[in-house]
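Coordinates in review
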Amino acid sequence: MTDAPLWEVFIRPRNGLSHVHCGSVHAADEVMAIQAARDVYTRRGEGNSIWVVPSDAITASDPALKEQNFEPAMSKIYRHPSFYEIPEDVGHM
Amino acid sequence: MYAQGLIGADAATTEDAAFLERFQARIDAEEKIEPNDPMPAGYRKTLIRQIGQHAHSEIVGMLPEGNWITRAPSLRRKAALLAKVQDEGGHGLYLYAAAETLGVTRDQMTEELLSGKAKYSSIFNYPTPTWADIGAIGWLVDGAAIMNQIPLCRCSYGPYARAMIRVCKEESFHQRQGYEIMMTLARGAPAQKDMAQDALNRWWWPSLVMFGPPDSDSVHGDQSMAWKIKRFTNDELRRKFINATVPQAEFIDLTVPDPDLRWNDDTQSYEHGPIDWDEFWRVVKGHGQMNRDRIAARRKAWEDGAWVRDAAVAHGEKRRTRHTAALAAE
Ligand SMILES: [Fe+2]
Ligand SMILES: [Fe+2]
């Protein structure tokens, strides 16, 4: 037999926070994937909501293009508030 | 159990020097390596072997303790043991998932375990004839596992390190429930105390060899240290374990079965007597008391479960087909 499909598991630790990726499970369908994810990843109150996504439905950025994609953001220091000089007398801004 | 993961590892790699240097620079800068990043073939192979073996150890490790779930002496002990064994199953699954990110399939890993090609920790080839063995396993075996696993939380491979963080959070309960069992027996009737001492006698040395062969003859340690797959040598971890555990044995008035054990004031560390490495290699090579039983049990579980896995996949396919048909009819 071949492996059941792979699902990526995302868990919301509590209301008000985002779902965060925590690992993966094999399961034949989404119902069983949720059940498996609950058993494997939430045995100690790690969350109150689970998402499962078929692993092959995820498109990832290419690690080889890391510089091209993300370097420009690093060099634009004028996007940060600390770049601007405001006299202290003005007070908190 | 995890330092044994490098036994027979082949870290040979064929990339050019510039590639290896760039990779090493990332490791030295404490950058985590993630699944899609370029990595030397030897790094990938070493990790697949180590994580796979670690996963198998968690799964096979459920067997010696599972043996006592139905016979635990109280409901409290039974609930704790059940939860612990379930955790170990979870650890196996986190680890299989981490290994899969390196391009090996779950089925491949299962086949390698069942065929005997892949190993698991030698410790699980010892039997659990008495209830005190459950105490000794939690205290010593999980204790040794914790020593090994804490530095693995900083392993250079991201998915392995993250899986280890989850595992370590859960291990502390395992060790404490084991020690509590030992303490209860050691403070009980003389027959109970004897039972606890007997379990310590049988599990002490097998626990020490969980850290793997001595540094003087572990050939694959250096490359794994350089790649930060491993952070401490086998002997360093073994010493840490002994230093932590001896006072715990003294506290419950049990005797560590090593007549040569002595405190070295200069190194502020215990020194242990000679370890029987022949016995270790015998067990690793399949001739321990329980090797055959363990693999037979895993094989039976795998074969008996085949129809369930097939039915689940068929059910999933049927639901998908119906869903697609319903969408087409709209
Ligand atoms: Fe575990
Ligand atoms: Fe454990």
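Above this text sits the structure in question.
Report on the accompanying structure. (Residues numbered from 1 in each chain as written. Chains lettered and ligands numbered in written order. Predicted model: local features only at pLDDT ≥ 70, side-chain atom pairs only at ≥ 80, totals over all residues. Heavy atoms only, no water.)

1. Some thoughts on the coordination of the iron ion (ligand 1)
Residue and element names in this part refer to chain B. Quick note on the threshold: For Na, K and Ca the donor cutoff is 3.2 Å, while for all other metals N, O and S atoms must lie within 2.8 Å; water is not among the atoms, so some sites may look incomplete. Angle rules define the geometry names used: all angles between 85 and 135 degrees makes four donors tetrahedral, while opposite donors over 155 degrees apart and all other angles between 65 and 115 make four donors square planar and six octahedral, leaving every other case irregular. By definition, any uninterrupted DSSP run of H or I lasting at least four residues is a helix, any uninterrupted run of E lasting at least two residues is a strand, and each is numbered from the N terminus. Relative accessibility under 20% of the residue-type maximum defines a buried residue, over 50% an exposed one, and the middle range a partly exposed one, all with a 1.4 Å probe and only protein chains included.
Bound to the iron ion (ligand 1) are the protein donor atoms E58 (OE), E88 (OE), H91 (ND1) and E171 (OE), situated 2.1 to 2.5 Å from the metal. Here the iron ion (ligand 1) binds four donor atoms, and the angle range of 82 to 152° at the metal identifies the geometry as irregular. For the iron ion (ligand 1), the donor residues sit on a single chain with the sequence spacing E-x29-E-x2-H-x79-E. Taken as a pair, the iron ion (ligand 1) and the iron ion (ligand 2) lie 3.3 Å from each other and share E88 as a ligand. Taken together, the residues E58 in helix α2 (residues 41-60) and E171 in helix α7 (residues 158-186) connect sequence positions 113 residues apart. Comparing E58 with E171, the two get one shared label, buried.

2. So, the packing of helix α12 (residues 291-304) of chain B against helix α13 (residues 306-329) of chain B
Working note: a packed helix pair is described by the angle between its axes plus the distance between those axes. Residue and element names in this part refer to chain B. We apply this condition: Axis lines are fitted through C-alpha atoms, for helices just across the contact stretch, and the angle between N-to-C directions can take any value from 0 to 180 degrees. Here, residues are in contact when the closest pair of their heavy atoms is within 4.5 Å. In the scheme used here, Gly and all other residues not listed as nonpolar or charged are polar, with Ala, Val, Leu, Ile, Met, Phe, Trp, Tyr, Cys and Pro taken as nonpolar and Asp, Glu, Lys and Arg as charged.
At a closest axis distance of 4 Å, the pairing of α12 and α13 adopts a crossing angle of 35°. Contacts between α12 and α13 pair W302, E303 and D304 from the former with A306, W307 and R309 from the latter. Considered class by class, the residues forming the contact of α12 with α13 number three nonpolar, no polar and three charged.

3. Points about the pattern of salt bridges
Applied cut-off: One speaks of a salt bridge when a side-chain nitrogen belonging to Lys or Arg is within 4 Å of a carboxyl oxygen belonging to Asp or Glu.
Under the counting rule described, the total for this entry stands at 27 salt bridges over all chains. Residues B:R202 and B:D198 are paired through a salt bridge, measuring 3.0 Å at the closest nitrogen-oxygen approach. Linking B:R202 with B:D198, this pair stays in helix α8 (residues 190-208), spanning four residues, or about one helical turn. The class of B:D198 is partly exposed, set by a relative accessible area of 32%. A salt bridge links B:K300 to B:D304; its shortest N-O distance comes to 2.7 Å. Taken together, the residues span about one helical turn, with B:K300 and B:D304 both in helix α12 at a distance of four residues. You can call B:K300 exposed: its relative accessible area is 52%. Overlapping salt bridges bring together A:R43, A:R44, B:D87 and B:E170 as one network.

4. Observations regarding the side chain of B:R238
Residues and elements named next belong to chain B. This is how it is decided: By the criterion applied in these results, polar contacts are pairs of N or O atoms within 3.5 Å in which, for protein atoms, one can donate a hydrogen and the other can accept it, and in which residues neighboring in sequence qualify only through two side-chain atoms.
Here R238 shows up in helix α10 (residues 234-251). Side-chain polar atoms of R238 contact the backbone oxygen of L208, separated by 2.9 Å. Each residue touching R238, except ones within four places of it in the same chain, is listed here: L208, V209, F211, G212, P213, P214, H272, I275 and W277.

5. With respect to the interface of chain B and chain A
How we decide: Summed over both partners, the accessible area (1.4 Å probe) lost when two parts come together is defined as the buried area.
On the side of chain A, 21 residues touch chain B, which itself brings 24 residues to the contact. Summing both partners gives a buried area of about 1900 Å² for chain B against chain A, and 47% of it is carried by carbon and sulfur. Among the residues chain B hides against chain A, the three largest losses belong to B:D107, B:R166 and B:R319. Together they make up 24% of the total. Residues A:R43 and B:D87 are paired through a salt bridge, measuring 2.8 Å at the closest nitrogen-oxygen approach. Put simply, chain B and chain A have 11 residue pairs in polar contact (both at pLDDT 80 or more) between them. At the level of elements, α4 (75-100), α5 (106-115), α7 and α13 of chain B are the ones that each hand at least two residues to the side of chain B that touches chain A. Examining the composition of the side of chain B that touches chain A, we find that eight residues originate from one element, α13(B), more than from any other. In the side of chain B that touches chain A, the residues fall into six nonpolar, six polar and 12 charged.

6. Looking at the coordination of the iron ion (ligand 2)
Ligation of the iron ion (ligand 2) by protein atoms is provided by B:E88 (OE), B:D142 (OD), B:E171 (OE) and B:H174 (ND1), these donors lying 2.0 to 2.2 Å from the ion. Here the donor residues of the iron ion (ligand 2) share one chain and are spaced in sequence as E-x53-D-x28-E-x2-H.

7. Observations concerning the nonpolar core
To keep things clear, this is the line we draw: In these notes, a set of buried Ala, Val, Leu, Ile, Met, Phe, Trp, Tyr and Cys residues joined through side-chain atoms within 4.5 Å is what counts as a nonpolar core.
B:W131, B:L140, B:M182, B:W203 and B:W204 are the most contacted members of the largest nonpolar core, which has 50 residues in total. At eight residues, helix α6 (residues 132-152) of chain B tops the list of elements feeding residues into this core. Discounting chain neighbours no more than four positions away, the residues touching B:W131 are B:W68, B:A72, B:P73, B:R77, B:L81, B:I181 and B:L185. Formed by 40 residues, the second largest nonpolar core is a distinct cluster that contains A:V9, A:A27, B:I27 and B:M164.

8. A closer look at the sheet that holds strand β1 (residues 6-12) of chain A
The strands that make up a sheet are held in pairs by hydrogen bonds between backbone atoms, and each pair lies either parallel or antiparallel. Residues and elements named next belong to chain A. Rules: If DSSP finds at least two bridges between two strands, the strands pair.
Spatially, three strands are ordered β2-β1-β3 in an open sheet, and the strand pairing comes out antiparallel. The outermost strands of the open sheet, each flanked by one partner alone, are β2 (20-26) and β3 (49-54). Direction aside, neighbouring strands of the sheet carry axes that sit 30° apart on average. Where β1 and β2 come together, six bridges link them in antiparallel fashion.

9. Focus on unusual backbone geometry
Residues and elements named next belong to chain B. Of note in the backbone geometry, K228 takes a positive phi value of approximately 60° without being a glycine. In this structure, K228 sits in the loop between α9 (221-226) and α10. In this model, Q268 sits at a positive phi of 50°, which is unusual for a non-glycine residue. When you line up the elements, Q268 lands in the loop between β1 (262-264) and β2 (269-271).

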